[in-house]
Amino acid sequence: GNPEAMLSVVGLSSGYGRIEVLHGVSMQIMPGQLVALVGANGAGKTTLLRCISGVQPVSRGSISMHGEPITFDEAKNRVRAGICQVPEGRHVFKPMSIEDNLRLGGYLRPAAEIRTSLEEVYALFPVLRERHDQPAGVLSGGQQQMLALGRALMGKPKLLLLDEPSMGLAPLVVAEIFRNIRLLRDAGITILLVEQNARAALAIADYAYVLETGNVALEGKGADLLRDDQVRRAYLGM
Ligand code: ATP
């Protein structure tokens, strides 16, 4: 893998049982970039994220972080190395308080650092501070997505993997989530964003990959793909 890249995936194949879903996918994420991974339902986006976070076995190819192979590292070691996945559907613990949900995200870190990280998350998402002692279940869908992002930040991630953060949210809320994702990138966090909402993802991405039935069909700067006729017809319904 390219040692300059935060993450480099080379010729990666993976699947479920005898069914191969990814057929030799290659991608690079440079430090500080916001990279989008778009493509139709079932193209293999989630499978690729799961390979990167280490919960899905790889049958061919390699994954490296800063040039060091991690292809066969256990998921928990990848978390320690700074890879953090925010799964689809948010999965906040609804009966637990908002602050306790956030603290869970920092469980691998020294207690002394937790307070500082909490303050950083509260500065980014003031609504979480206002309601910190209320159960997470009282939050709206968009606020729960903020909580899921905040919880991920509590682990001081180097690479944040976001799986469909806009899923099931109303358009105004989606716009807010995308603004927040851009804020995280501006704060220096490297992000891989998986989205069905290709238009919004390409609009904020530094670089993007289009996945089609387990292959990279196209790649380029987000703004360039947004202007590409093929992408506009196939993925943006234009
Ligand atoms: P979506 O946006 O619907 O999640 P995706 O691009 O993320 O789509 P994947 O979830 O990676 O796609 O799925 C890719 C293919 O693998 C699909 O054909 C899907 O049916 C299949 N698949 C996904 N998970 C499993 C599983 N646990 N067992 C068997 N097949 C699976």
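In the annotation of an unreviewed UniProt entry, the protein chain is listed under the name Branched-chain amino acid ABC transporter, ATP-binding component and assigned to Paramagnetospirillum caucaseum. Per its UniProt entry, the protein chain bears the Sequence similarities (unreviewed entry) comment "Belongs to the ABC transporter superfamily."

A. Broad picture of helix α1 (residues 45-53). In terms of burial, α1 is a largely internal element, 7 of the 9 residues being buried. Along α1, the positions that sit buried rather than exposed are Lys-45, Thr-47, Leu-48, Leu-49, Cys-51, Ile-52 and Ser-53. Just past α1, the residue Gly-54 takes up positive phi, approximately 95°.

B. View of the pairing of strand β2 (residues 19-29). Relative to β2, strand β1 (residues 7-16) is paired through 8 bridges, and the arrangement is antiparallel. Counted as the bridge partner of Gly-15 is Glu-20 from β2. Once β1 ends, the chain turns through 2 residues before running back antiparallel as β2, passing Gly-17 with a positive phi of about 60°.

C. Structural context of the pattern of salt bridges. Overall, the coordinates contain 11 salt bridges when judged by the stated rule. Glu-113 serves as the salt-bridge partner of Arg-109, at 2.7 Å between the closest nitrogen and oxygen. Bridged by salt links that share partners, the residues Glu-99, Arg-103, Arg-115, Glu-119 and Arg-129 form one connected network.

D. Structural context of the environment of Gly-67. Tracing the backbone through its elements, the reader meets Gly-67 in the loop between β4 (60-65) and β5 (68-69). For Gly-67, the contacting residues outside a window of four places in its chain are Gly-1, Asn-2, Pro-3 and Ala-5.

E. Representation of the side chain of Glu-99. Position of Glu-99 relative to the elements: it lies in helix α3 (residues 98-104). A polar side-chain atom of Glu-99 sits 2.6 Å from a polar atom in the side chain of Tyr-122.

F. How the structure looks around the site of the ligand. Around the ligand, the neighbouring residues are Tyr-16, Val-21, Ala-40, Asn-41, Gly-42, Ala-43, Gly-44, Lys-45, Thr-46, Thr-47, Glu-164 and Gln-196. Ala-43 places a polar main-chain atom, nitrogen or oxygen, 3.1 Å from an oxygen atom of the ligand. Between the ligand and Gln-196 there is a distance of 2.9 Å, counted from an oxygen atom to a side-chain nitrogen or oxygen. Protein contact buries 57% of the 620 Å² of open area that the ligand shows by itself. Residue composition of the shell around the ligand, by class: 4 nonpolar, 6 polar and 2 charged.

Calculation notes
- Residues numbered from 1 in each chain as written.
- Predicted model: local features only at pLDDT ≥ 70, side-chain atom pairs only at ≥ 80, totals over all residues.
- Heavy atoms only, no water.
- UniProt positions renumbered as here; feature names shortened; annotations may be inferred.
- Buried < 20%, exposed > 50% of the residue type's maximum accessible area, 1.4 Å probe, protein only.
- Helix = DSSP H or I, 4+ residues; strand = E, 2+ residues; numbered from the N terminus.
- Pairing = 2+ DSSP bridges.
- Salt bridge = Lys/Arg side-chain N within 4 Å of Asp/Glu carboxyl O.
- Contact = heavy atoms within 4.5 Å.
- Polar contact = N/O pair within 3.5 Å; in protein donor to acceptor, adjacent residues only side chain to side chain.
- Near = heavy atom within 4 Å.
- Areas by Shrake-Rupley, 256 points an atom, 1.4 Å probe, with all protein chains shown as cover.
- Nonpolar A, V, L, I, M, F, W, Y, C, P; charged D, E, K, R; others polar.

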